[in-house]
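# Coordinate inspection notes
Each chain is listed here by its residues.
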Amino acid sequence: MRPMGVVLHERLLSRGRAGPPGRNGGLAMPTVAFYTLGCKVNAYETEAIWRLFEQRGYTRVDFEDEADVYVINTCTVTNTGDQKSRKIIRRAVRKNPDAVVAVTGCYAQTSPAEVLAIPGVDVVIGTTGRNRLLEYIEEARRTRRPVNAVTNIMKVREYENLTVTKFAERTRAFLKIQEGCNNFCTFCIIPWAKGLARSRRPEDVLAEARALAEAGYREIVLTGTHTGGYGEDLDGYRLSDLLRDLSRIDGIERIRISSIEASQLTDDVFEAMAASEKLCRHFHVPLQAGDDAVLRRMRRKYTTGEYAARIERLREIFPEAAITTDVIVGFPGETEAMFEAGVRFVEQIGFSELHVFPYSKRSGTPAARMPDQVPEPEKKRRVQTMLALNERLKAAYRRKFLGRVLSVLPEAREAKPPADADAGEVWLAGLTDNYLRVSFPGDPSLIGELVRVRLDALDGEVLRGTPVRLLSPVAGA
Ligand code: SF4
């Protein structure tokens, strides 16, 4: 059977649109271009979808180039996400009106009719069934009719197993372990876009982790919609089991959990964390609000007291861990006193970094219909206050490590070496396990190898350092 890419290419030829000659024995293979909006999970999925095209003989081109197929992976987390998605779809249609334009992702899932109403869209597919995307593209091409492949995501109970073993970064790989969320926080549209929580089969996660280790990745970042909820739908296999099994894989030196809810930090998880020598001392634990009344209105699953207790336990195991978080300010009904309580709570926890968001109405969510919406200028003021606190907390956390020696995994050459660096000296940039960005002078052959670095100075958000010794063996040395 000929690869579908070849079939599509022949159709393009029959319509008088041959690609550039020279490749594939005189015939150029069809091209595909991607655009990803939104989060890291979307970025992961775009890479997984690209693999499907690659297996069918496609060549990937830049989104700004003319392509035979455009795939836009959309976002709907805010109303702005919808607008941006529509803008990019129109841009793809303008780039090549003869191309097949396929739209996937969260906005496509929640608003397929809106997407199909955009002239030039050929395929709309939501957040599942992407394994069949190439069939739909072929169908749209054959029938000249748009294909709506969006199904009811709330009925989906199986994790869609798409794999990725190659990333733009050479040292850190994302590994998706889970999809969907059952929490239905009142501000969030995600459960409607991604469906209910479902975990990837342990054997598939472990196989991908082994493949990543073989491909030379030293660090894996576990991702998902609700990553810490891994295993809640599985029979007798939990996040703690996965952490234990992943820790045993040779070649993987670091395991990072992209995000975990306070309510998911259970005794079982703490035990597995304490037992793993590879788990990064960096935990992103979304707080969203530091006041109990606001947390209740958000329908979060913890109080500030419970949150603080889990962080305390985490710090008993990892005393110097970086604890990062998300905070929404100006949630409906948040009074000045509640906001101030939140500021005090954030200070009390002593996060190493905050991601601050002004509350933004998401149509279709309960919070969008709540009374007592906070006026925009007031939200802006609260954002500024929280951001100023963030700057102080970030600097304080980084300064604690000055003079210390930590392991750094260099990812690339430093784009901006310090002004006083020797001319021609190469600097490398990478991360410590507790998520400090470090740069130091070193040979590019060290990229991807764990290096002990003494942290000498804080330069903006980056710690400048001096390499002390190499930890992991250089391949082939
Ligand atoms: S936990 Fe809440 S904020 Fe996070 S994805 Fe689920 S519903 Fe959205």
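Residues numbered from 1 in each chain as written. Predicted model: local features only at pLDDT ≥ 70, side-chain atom pairs only at ≥ 80, totals over all residues. Heavy atoms only, no water.

What follows covers the overall build of the protein. For the protein, the count of helices and strands is 14 helices and 19 strands. Scaling as 2.2 N^0.38, a compact globule of 477 residues should have a C-alpha radius of gyration of about 23 Å, and the protein matches this with 24 Å. In the protein, which comprises 477 residues, the share counted as buried stands at 54%. A sequence separation of at least 24 residues applies to 72% of the contacts in the protein between residues at least 6 apart. About 20,800 Å² of surface is accessible on the protein, with carbon and sulfur atoms providing 51% of the total. (Helix = DSSP H or I, 4+ residues; strand = E, 2+ residues; numbered from the N terminus. Rg over C-alpha atoms; globule rule 2.2 N^0.38 Å. Buried < 20%, exposed > 50% of the residue type's maximum accessible area, 1.4 Å probe, protein only. Contact = heavy atoms within 4.5 Å. Areas by Shrake-Rupley, 256 points an atom, 1.4 Å probe, with all protein chains shown as cover.)

What follows deals with the pairing of strand 4 (residues 100-105). Taken across its 6 residues, strand 4 has 6 buried, putting it largely inside the fold. You can see the chain leave strand 3 (residues 69-74), run along helix 3 (residues 79-95) and come back into strand 4, and the turn it takes is right-handed. Examined bridge by bridge, strand 4 and strand 5 (residues 123-124) share 2 bridges and lie parallel to one another. Within strand 5, the residue paired with Ala 102 across the bridge is Val 123. (Right-handed = clockwise from strand over helix to strand, strands pointing away. Pairing = 2+ DSSP bridges.)

The environment of the ligand is formed by Cys 181, Asn 183, Phe 184, Cys 185, Phe 187, Cys 188, Ile 190, Pro 191, His 226, Glu 261 and Arg 300. When its residues are assigned to classes, the shell around the ligand shows 7 nonpolar, 2 polar and 2 charged. (Near = heavy atom within 4 Å. Nonpolar A, V, L, I, M, F, W, Y, C, P; charged D, E, K, R; others polar.)

Axis separation between helix 10 (residues 267-275) and helix 12 (residues 304-317) bottoms out at 10 Å; the angle between their running directions is 20°. By the angle class used here, helix 10 and helix 12 are roughly parallel. Considering the relative orientation of helix 10 and helix 12, their crossing is right-handed. Residues Phe 270, Met 273 and Ala 274 of helix 10 lie in contact with helix 12, whose contacting residues are Arg 310, Arg 313, Leu 314 and Ile 317. Across the contact of helix 10 with helix 12, the residue classes tally to 5 nonpolar, no polar and 2 charged. (Axes fitted to C-alpha atoms, helices over the stretch in contact; angles between N-to-C directions. Parallel < 35°, antiparallel > 145°, perpendicular 65-115°, else oblique. Left-handed = near helix turned anticlockwise from the far one by under 90°.)

In terms of burial, strand 3 is a largely internal element, 6 of the 6 residues being buried. Where strand 1 (residues 31-36) lies against strand 3, 5 bridges are found, and the strand directions are parallel. Residue pairing in the sheet places Thr 36 in a bridge with Asn 73 of strand 3. Strand direction decides the pairing type here: strand 3 and strand 4, joined by 6 bridges, are parallel. Looking at the pairing, Tyr 70 lines up with Val 101 of strand 4.

Looking now at the pattern of salt bridges. Counting across every chain of the model gives 40 salt bridges. The partner of Glu 461 in a salt bridge is Lys 394, with the nearest N and O atoms 2.4 Å apart. Of this pair, Glu 461 sits in the loop between strand 18 (451-459) and strand 19 (462-470) while Lys 394 sits in helix 14 (residues 376-399); the two residues are 67 residues apart in sequence, bridging distant segments of the chain. Note on Glu 461: relative accessible area 40%, which makes it partly exposed. (Salt bridge = Lys/Arg side-chain N within 4 Å of Asp/Glu carboxyl O.)

As a rule of thumb, soluble globular proteins bury nonpolar side chains together. The biggest cluster of nonpolar side chains holds 94 residues, and the ones touching the most others in it are Phe 53, Ile 220, Leu 246, Met 273, Tyr 307 and Met 386. Once residues within four sequence positions are removed from consideration, Tyr 307 is found in contact with Ala 262, Val 285, Pro 286, Leu 287, Tyr 302, Thr 325, Phe 345, Ile 349 and Phe 351. If you look at the next biggest cluster of nonpolar residues, it comprises 20 residues, including Ala 33, Leu 37, Cys 75 and Ile 89. (Core = buried A, V, L, I, M, F, W, Y, C linked by side-chain atoms within 4.5 Å.)

Turning to the sheet that holds strand 14 (residues 353-358), a few remarks are in order. Taken in spatial order, the 6 strands of this open sheet run 7-10-11-12-13-14, and their pairing is parallel. Edge positions in the sheet fall to strand 7 (172-176) and strand 14, since each of these pairs with one other strand and no more. Adjacent strand axes in the sheet meet at a mean angle of 20° when their direction is disregarded. With 6 bridges joining them, strand 13 (residues 322-329) and strand 14 adopt parallel strand pairing. What sits directly across from Thr 325, in strand 14, is Leu 354.

Here we come to the domain arrangement of the protein. Partitioning the protein into structural domains gives domain 1 (4-151), domain 2 (152-281), domain 3 (285-400) and domain 4 (405-470). Taking only C-alpha atoms into account, the centre of domain 3 sits 32 Å from that of domain 4. Between domain 3 and domain 4, a total of about 590 Å² is buried, with carbon and sulfur atoms accounting for 57% of that surface. The interface formed by domain 3 and domain 4 includes 1 salt bridge. Where domain 3 meets domain 4, there are 3 residue pairs in polar contact (both at pLDDT 80 or more). Broken down by element, the residue count for the side of domain 3 that touches domain 4 peaks at 5 residues, all from helix 14. (Domains from an automatic or database assignment. Buried area = accessible area lost by both parts, 1.4 Å probe. Polar contact = N/O pair within 3.5 Å; in protein donor to acceptor, adjacent residues only side chain to side chain.)

Taken as a whole and judged by the stated rule, the model has 0 disulfides. Free cysteine: Cys 106, not disulfide-bonded; nearest cysteine sulfur from Cys 75 at 6.4 Å. (Disulfide = S-S within 2.5 Å.)

It is worth spelling out the UniProt feature "domain: MTTase N-terminal" (unreviewed entry) in the protein at this point. Per the UniProt record, the feature "domain: MTTase N-terminal" (unreviewed entry) sits at residues 30-142. As annotated, residues 30-142 comprises 47% helix and 19% strand, and the C-alpha atoms at either end are separated by 16 Å. (UniProt positions renumbered as here; feature names shortened; annotations may be inferred.)

This brings us to unusual backbone geometry. Phi angles above zero are rare outside glycine, and Arg 299 is one such case at about 60°. In this structure Arg 299 comes out as partly exposed when scored by relative accessible area, which is 42%. Despite not being glycine, Tyr 435 has its phi angle at roughly 65°, a positive value. Relative to the assigned elements, Tyr 435 resides in the loop between strand 16 (427-432) and strand 17 (437-441). Judged by its relative accessible area of 27%, Tyr 435 falls in the partly exposed class.

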